[in-house]
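One-letter residues, chain by chain:
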Amino acid sequence: MKNLLSASSQNMPRFGASLLQFLVLGLFCLFAVRLWYLQIHLGPVFTEKSRNNQLRVEYLFAPRGFLRDRNGELLAVNEPAFALGLVREDCDDIPATLGKVADLTGIPQERLKEIYTRNKPKVKSFEPLVLAPDLTFDTIAKIEGVSVRWPGLEILSRTRRKYNYGHLLSHVLGYVSEANEAEMQADPTLSLGDFVGKQGLENRLDSRLRGAKGKRLIEVDVTGRRLSEEQQGEPRAGEEIFLSLDLGLQQLGHKLLEGKSGAVVVMDPDNGEIHALVSEPSYDSNMFTSGLSSAQWATLRDDPLHPLQNRATQSVYPPGSVFKLVIAAAGLHYGVVDPKETVNCTGEVALGSHVFRCWKHSGHGSVNFQRALVESCDTYFYKLGMKLGVDRMSEFSKASGFGSVTGINLPHEKGGLIASREWKLKRFGVRWTKGEDLNMSIGQGYTVTSPLQVARYIGALLNGGKLLRPALVKGEQPQVTGQLPLTEEQMNMVKRAMVATVEDPHGTCRRALTNGVVVGAKTGTAQVVRLTDELKRMGDNVPYKFRDHAWMAGFGEQGSKRFVIVVMVEHGLHGASGAGPVVKAMLDALFMGKKELPPQDVAGAASPAASPAARLEAVETQFPEPPLPVPPAFNELQRKEIPQ
Amino acid sequence: MSPIDRRVFYHVNWRLAGLLAVLFAIGVLNLYSASGVRLGDGMQVENYYQKQLIWGSIGLSGMVAFMVFDYRRLNAVAWPLYVMTLLLLLAVPIIGKTVLGARRWLDFGLFNFQPSELAKFSVLLIGARLLSSDSERLNLRELAAVIGLGLVPALLIIKQPDLGTGLLVLMLLAGLVLYRGVQPWLFRTLCVLIPLITPAFWFVLKDYQKRRILAFLDPATDPLGSGYHILQSEIAVGSGRLFGKGFLGGTQSQLRFLPEKHTDFAVAVYGEEWGFFGMIVLLSLFCAFLYQVAVVARDAKDPYGSYLAAGVFFYFFWQILINMGMVMGLMPVVGVPLPFISYGGSATLVNFSLVGLVLNISMRRYLFKQT
């Protein structure tokens, strides 16, 4: 103590007091500036960040609209489905959790890891990342049982599209599947796992069917717990759409074509509504909704019979004698045909050194306009074709809607091909020859059409020349896309000839005769390969892939009720026998009410050719792209002696 | 022990005491908000503010205890206390208790005791005793002696590991050295040497400490890891803007995006809810408080009292600088609490006691005669 007292004030630090005051001042200035910078200058930035921390936007699911047929039958509905999601933020050990999920669901762990790494950048850490899109009830029970020990796993309740007649309407309805990257980029309201229409009407009517999602602002804490919610817009359900299709007719067509490849189109000629659009073989639309494995996809894609192909709109075939309806009308239009005038058919026509044969080698004798159509006399049309020439045939065919798409509301429609001089020169670098006029006149050569185009043309013959856009939605305003360059009388002449083809004892379509109904029709037997002597000898026993395509295009009229029916059977041998029974059954169903309804969903239609070898053969004769790569040598194109 | 001289209580420094009271009140109020009262439904309400009030009253008795005796008596206990501290620090690694991966505690049955808290106090006493013996600027030998005395406990504490407290002990001593002054040549040399030597300490640091420093230098590198604390703290303070989100209205803290909101980041809660305005008020209060301590150091009756008060000044100064700097993103994340604002039992007791010591020095400045 003594010591301390004596030390007294001379030992006081000299500058210490100023140092302390300076430090206080420095502290104040430093922090005041920093606070100004953080809270005033950067305040808005941090406010935004704090809002992002605190608020989340949740989109509320809007149910997809149902699809019904014209009588109200449900075709596409939604059913509940359960998916497994992983919320990364809540998950303690992601690799272990994925391993557990692999155990529970049976999905290989590598696949889960792949799904996880692929979707990780797209899903926010507090949102569920969908690991398995479709769980069985057993799996759900297993997951619920262990969910307490595996935080982050969440069962997500969703809805899944269900097609009540998966096989029956797959080509028209198409299918939905999960939105991909590009679709999500285009529409910010789409999130991972949302379904969008990928094919068919599901694709074309997607915006109407999808509706609009609702939006909800959620206040959350750091663990993601919801504290409050604010609704910002109710979800709007997708529209329910009635299609013009008649489920019964569709089922009938499906059944009639079972085991074959082909298409049936039934159209109302007055408003363009399609009552049946059958394409066989088909696939099940439901396969796509729960995610198609690559093996499943490969099977579908590589199937020699192309079940994914809509044969009514996406496949084009040589029309054969059906095309005589167009060439005959062209003759009337250009005035090169006098209906009274007759042509003598001797069974062949010589052009230069080549001989073109009529299908009836003995000849039809004297034939006029109507008889030429009724008996499908090739000679008459060879001569007509020579008179018309390619330019006029081409011009008229295009004006009649061939060579261009009908505009039906389905994706990837094909327009077929109507050849012209310019086209051939450009395509093959070779000039058009006179013989090709003759081939064109009987619907062979380069000409290919889709069954739907034929239906549209016949519809126009009935409705006063209006080329209508085929409609798939019931009650839509008909859209006229063109006008046949024919007078009412000229159209009636073609119509009368079609009726005679059914009613005349010599007509090729007698089997379509239906009591109390005015029926008109025209067959077509389209060659797919050049006829060799060997094939000729085999007669009807030629291998499947060399058989002719069978067409029958016609209409039925009963009072004000009328329908166009076009049937095309791939390799159906003869128009009358291959396609005729289908037309007849359709007529019976449409006018006599004889609808033979098979039980719901004729699933897994048998493939047309029984043996795998035959299936392989069949693929070689498909017509994925229109014409043959080289111009056919017309002198070899001989007509077999069968009714056309 | 001499009887308490009642005359000294006529000279209690009410300004300092008042500032302490206001700061503590703000702290408790802020802890009330940080305890998540708004979210009381279904969630556990942490009653840190109640505990802090209890610790405050304990601290108050500590403060009074540090006022009643003549501070000059502490001179005599400086050395024994220092030795005892070293012994206790050495005992920690052997018989200490591990909490959250760090061995800092000694279990005394009834209560757990942190020798590092005692180390701050004993270094303060030994520093004041050594440095107050002369007024000449320090030469190298004296400086080495003083720093050496501080380094021993500091390194022991850093080993625990408790980087914050260890550094605080060293910085407290460094502050006292500056308070006395070092010889100009030595000062210049140190100005060059220290920046050169500091990087060497990088290799002493633990991995998590390195990560914190890296995250401080660039928080964006790891926003969910080490940088998370800094980022969320800056968001909290920054989103307060001019007048704040209002008491109990801070989303960053109420929704628990802000980590350690009761302890190290308590002032971020305050900054979010009271904004720039509130922060300037709080900063002014702290500066006024520090200034009052500085005034006591300047006006102390003897050098020993002056050095003691200056030691207390640095004790608070460094903590305020480090903690608030950390919350504002100016410093790396170091576990140093903010006096009176952060929750902490023994820290509150020590803070109150040290203010009591300053009040002790302050009210005895007029006494000329000791008995």
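Residues numbered from 1 in each chain as written. Chains lettered and ligands numbered in written order. Predicted model: local features only at pLDDT ≥ 70, side-chain atom pairs only at ≥ 80, totals over all residues. Heavy atoms only, no water.

## Quick word on the overall build of chain B
Alright, step 1. When you go through chain B residue by residue, the secondary structure sums to 13 helices and three strands.
Alright, step 2. Out of the 371 residues in chain B, the part that is buried amounts to 55%.
Alright, step 3. In chain B, the share of contacts with a sequence separation of at least 24, taken over all contacts with a separation of at least 6, comes to 76%.
Alright, step 4. For chain B, the accessible surface area stands at approximately 15800 Å², while carbon and sulfur atoms represent 68% of it. (Helix = DSSP H or I, 4+ residues; strand = E, 2+ residues; numbered from the N terminus. Buried < 20%, exposed > 50% of the residue type's maximum accessible area, 1.4 Å probe, protein only. Contact = heavy atoms within 4.5 Å. Areas by Shrake-Rupley, 256 points an atom, 1.4 Å probe, with all protein chains shown as cover.)

## As for the overall build of chain A
Alright, step 1. Of the regular secondary structure elements, chain A holds 23 helices and 21 strands.
Alright, step 2. Residues counted as buried form 56% of the 644 residues belonging to chain A.
Alright, step 3. Sequence-distant contacts in chain A: of pairs separated by 6 or more residues, those separated by 24 or more amount to 73%.
Alright, step 4. Only carbon and sulfur atoms are counted for the fraction: they give 53% of the accessible area of chain A, which is about 26600 Å².

## Considerations on the pattern of salt bridges
Alright, step 1. According to the stated counting rule, one finds 33 salt bridges over all chains in the structure shown.
Alright, step 2. Here A:Lys434 ties to A:Asp437 by a salt bridge, and the two come within 3.5 Å at their closest N and O atoms. Placement of the pair is A:Lys434 and A:Asp437 together in helix α18 (residues 434–441), with a separation of three residues, close to one helical turn.
Alright, step 3. A:Asp437 gets classed as buried once you look at its relative accessible area, which sits at 3%.
Alright, step 4. Salt-bridge contacts for B:Asp70 lead to B:Arg72; the nearest nitrogen and oxygen are separated by 2.8 Å. Side by side, B:Asp70 and B:Arg72 carry an identical accessibility label, which is buried.
Alright, step 5. Sharing partners across several salt bridges, the network here consists of A:Arg64, A:Arg161, A:Asp187, A:Glu202, A:Asp206 and A:Arg210. (Salt bridge = Lys/Arg side-chain N within 4 Å of Asp/Glu carboxyl O.)

## So, a nonpolar patch on the surface
Alright, step 1. A surface patch of nonpolar side chains, about 680 Å² in accessible area, is lined by A:Trp36, A:Tyr37, A:Ile40, B:Leu242, B:Phe243, B:Phe277 and B:Val281.
Alright, step 2. When residues of the nonpolar patch are traced back to their parent elements, those giving at least two are α2 (16–41) of chain A together with α11 (266–299) of chain B.
Alright, step 3. When residues of the nonpolar patch are assigned to their parent elements, the largest contribution, three residues, is made by α2(A).
Alright, step 4. Residue position: A:Tyr37 is located in helix α2. (Patch = residues over 30% accessible without salt bridge, like charges linked within 9 Å, V, L, I, M, F, W, Y side chains within 5 Å.)

## Quick notes on the sheet that holds strand β20 (residues 549–558) of chain A
Residue and element names in this part refer to chain A.
Alright, step 1. Strand order in this open sheet of five strands is β12-β11-β21-β20-β19, and the pairing throughout is antiparallel. A single partner strand is all that each edge strand has here, and the edge strands are β12 (274–280) and β19 (518–526). Averaged over all pairs of adjacent strands, the angle between their axes in this sheet comes to 5 degrees, without regard to strand direction.
Alright, step 2. Pairing of strand β11 (residues 262–267) with β12, which is carried by six bridges, proceeds in the antiparallel orientation. (Pairing = 2+ DSSP bridges. Axes fitted to C-alpha atoms, helices over the stretch in contact; angles between N-to-C directions.)

## Focus on the pairing of strand β4 (residues 128–132) of chain A
Residue and element names in this part refer to chain A.
Alright, step 1. Extensive coverage of β4 is indicated by the burial of four of its five residues.
Alright, step 2. Here four bridges tie strand β3 (residues 74–87) to β4, and the two strands are oriented antiparallel to one another. Looking at β4, one finds that valine 87 is bridged to proline 128.

## Details of unusual backbone geometry
Alright, step 1. The omega torsion of the bond from A:Glu280 to A:Pro281 falls at -5 degrees, within 30 degrees of zero and hence cis.
Alright, step 2. With respect to the helices and strands, A:Pro281 occurs in the loop between β12 and α12 (286–289).
Alright, step 3. Even without a glycine there, the phi angle at A:His412 is positive, about 60 degrees.
Alright, step 4. Locating A:His412 in the fold gives a position in the loop between α16 (378–399) and α17 (421–428).
Alright, step 5. Accessibility expressed as a relative area gives 55% for A:His412, which makes it exposed.
Alright, step 6. Even without being a glycine, B:Phe340 presents a positive backbone phi close to 70 degrees.
Alright, step 7. Along the chain, the position of B:Phe340 falls in the loop between α12 (303–327) and α13 (345–363).

## Structural notes on the sheet that holds strand β9 (residues 226–231) of chain A
Residues and elements named next belong to chain A.
Alright, step 1. An order of β1-β8-β9 is seen for the three strands of this open sheet, with the pairing classed as antiparallel. The open sheet has two edge strands with one neighbour each: β1 (55–60) and β9. Going from strand to strand, the sheet's axes swing by 30 degrees on average, the running direction of each strand aside.
Alright, step 2. Judged from the five bridges that link them, strand β8 (residues 214–220) and β9 form a sheet pairing that is antiparallel. Its bridge partner lying in β9, glutamate 219 is registered against serine 228.

## Some thoughts on the state of the cysteines
Alright, step 1. Under the defined criterion, the tally for this structure stands at zero disulfides over all chains.
Alright, step 2. The cysteine A:Cys29 is free of any disulfide, with B:Cys287 supplying the nearest cysteine sulfur at 8.5 Å.
Alright, step 3. Look at A:Cys29 and you get partly exposed, because its relative accessible area is 40%. (Disulfide = S-S within 2.5 Å.)

## A closer look at the packing of aromatic side chains
Residues and elements named next belong to chain B.
Alright, step 1. Tallying each qualifying case throughout the model produces 36 aromatic pairs over all chains.
Alright, step 2. Aromatic side chains tryptophan 79 and tyrosine 82 sit 5.9 Å apart centroid to centroid with 85 degrees between the ring planes, which places their arrangement in the edge-to-face category. Placement of the pair is tryptophan 79 and tyrosine 82 together in helix α3 (residues 74–95), with a separation of three residues, close to one helical turn.
Alright, step 3. Classification of tryptophan 79 as partly exposed rests on a relative accessible area of 35%.
Alright, step 4. Its relative accessible area of 5% is what places tyrosine 82 among the buried residues.
Alright, step 5. Joined through ring pairs, the aromatic side chains of Phe24, Phe289, Tyr315, Phe316, Phe340 and Phe352 make up one cluster.
Alright, step 6. One Lys or Arg, arginine 72, reaches over the ring of tyrosine 71 and ends 5.7 Å from the middle of that ring. (Phe/Tyr/Trp six-rings, centres within 6.5 Å; stacked < 30°, edge-to-face > 60°. Lys NZ or Arg CZ within 6 Å of the ring centre and 35° of its normal.)

## So, the interface of chain B and chain A
Alright, step 1. Facing 63 residues of chain B, the contacting portion of chain A comprises 43 residues.
Alright, step 2. Carbon and sulfur atoms make up 71% of the area that chain B and chain A hide from each other, which totals about 4700 Å².
Alright, step 3. Between chain B and chain A we count one salt bridge in total.
Alright, step 4. The salt bridge involving A:Arg34 is made with B:Glu234; its shortest N-O contact spans 3.0 Å.
Alright, step 5. Taken together, the connections running from chain B to chain A amount to six residue pairs in polar contact (both at pLDDT 80 or more).
Alright, step 6. Looking at the side of chain B that touches chain A, the elements that each hand over two or more residues are α6 (163–180), α9 (226–238), α10 (251–254), α11 and α12 of chain B.
Alright, step 7. Counting residues per element, the side of chain B that touches chain A draws most heavily on α11(B), at 13 residues. (Buried area = accessible area lost by both parts, 1.4 Å probe. Polar contact = N/O pair within 3.5 Å; in protein donor to acceptor, adjacent residues only side chain to side chain.)

## Thoughts on the nonpolar core
Alright, step 1. The biggest cluster of nonpolar side chains holds 117 residues, and the ones touching the most others in it are B:Leu308, B:Phe313, B:Met324 and B:Leu357.
Alright, step 2. In terms of residues, this core owes the most to one element, α11(B), which gives 18 residues.
Alright, step 3. Ignoring any residue separated from it by four or fewer positions in sequence, one finds B:Leu308 in contact with B:Tyr71, B:Leu74, B:Leu124, B:Leu125, B:Ala128, B:Leu357 and B:Ile361.
Alright, step 4. Within the second largest apolar cluster, 101 residues are counted, among which are A:Val326, A:Ile327, A:Ala372 and A:Leu452. (Core = buried A, V, L, I, M, F, W, Y, C linked by side-chain atoms within 4.5 Å.)

## Examining the packing of α2(A) against α11(B)
Alright, step 1. Across the interface, α2(A) lies against α11(B) with an axial gap of 9 Å and an inter-helix angle of 175 degrees. On the basis of the axis angle, α2(A) is roughly antiparallel to α11(B).
Alright, step 2. A class-by-class count of the residues in the contact of α2(A) with α11(B) yields 19 nonpolar, five polar and one charged. (Parallel < 35°, antiparallel > 145°, perpendicular 65-115°, else oblique. Nonpolar A, V, L, I, M, F, W, Y, C, P; charged D, E, K, R; others polar.)

## Looking at the side chain of A:Ser282
Residue and element names in this part refer to chain A.
Alright, step 1. Looking at the element boundaries, serine 282 is found in the loop between β12 and α12.
Alright, step 2. Side-chain polar atoms of serine 282 contact the backbone oxygen of histidine 167, separated by 2.8 Å.
Alright, step 3. Ignoring anything within four residues of it in the chain, the contact list for serine 282 reads His167, Ser170, His171, His254 and Pro307.

## Regarding the environment of B:Met331
Residues and elements named next belong to chain B.
Alright, step 1. One can find methionine 331 in the loop between α12 and α13.
Alright, step 2. Exposure remark for methionine 331: the relative accessible area of 24% places this residue in the partly exposed category.
Alright, step 3. Note: C-alpha distance between methionine 331 and isoleucine 230 (101 residues apart in sequence) is 9.2 Å.
Alright, step 4. What methionine 331 contacts, discounting residues up to four positions off in sequence, is Phe216, Leu321, Ile322, Gly325 and Met326.

## Brief notes about the pairing of β11(A)
Residues and elements named next belong to chain A.
Alright, step 1. Summarising burial for β11: six of the six residues are buried, a large majority.
Alright, step 2. Covered by surrounding structure in β11 are Gly262, Val264 and Val266 together with Ala263, Val265 and Met267, the residues of both alternating faces.
Alright, step 3. As consecutive antiparallel partners, β11 and β12 are separated by six residues, and within that stretch glycine 272 has a phi angle of approximately 80 degrees, a positive value.
Alright, step 4. Pairing between β11 and strand β21 (residues 561–569): six bridges, direction antiparallel.

## What about helix α4 (residues 115–131) of chain B?
Alright, step 1. Here α4(B) is 17 residues long and its end C-alpha atoms lie 24 Å apart, about the 24 Å a rise of 1.5 Å per residue gives.
Alright, step 2. Among the 17 residues that make up α4(B), 15 are buried, leaving the element largely enclosed by the rest of the structure. (Expected span 1.5 Å × (residues − 1).)

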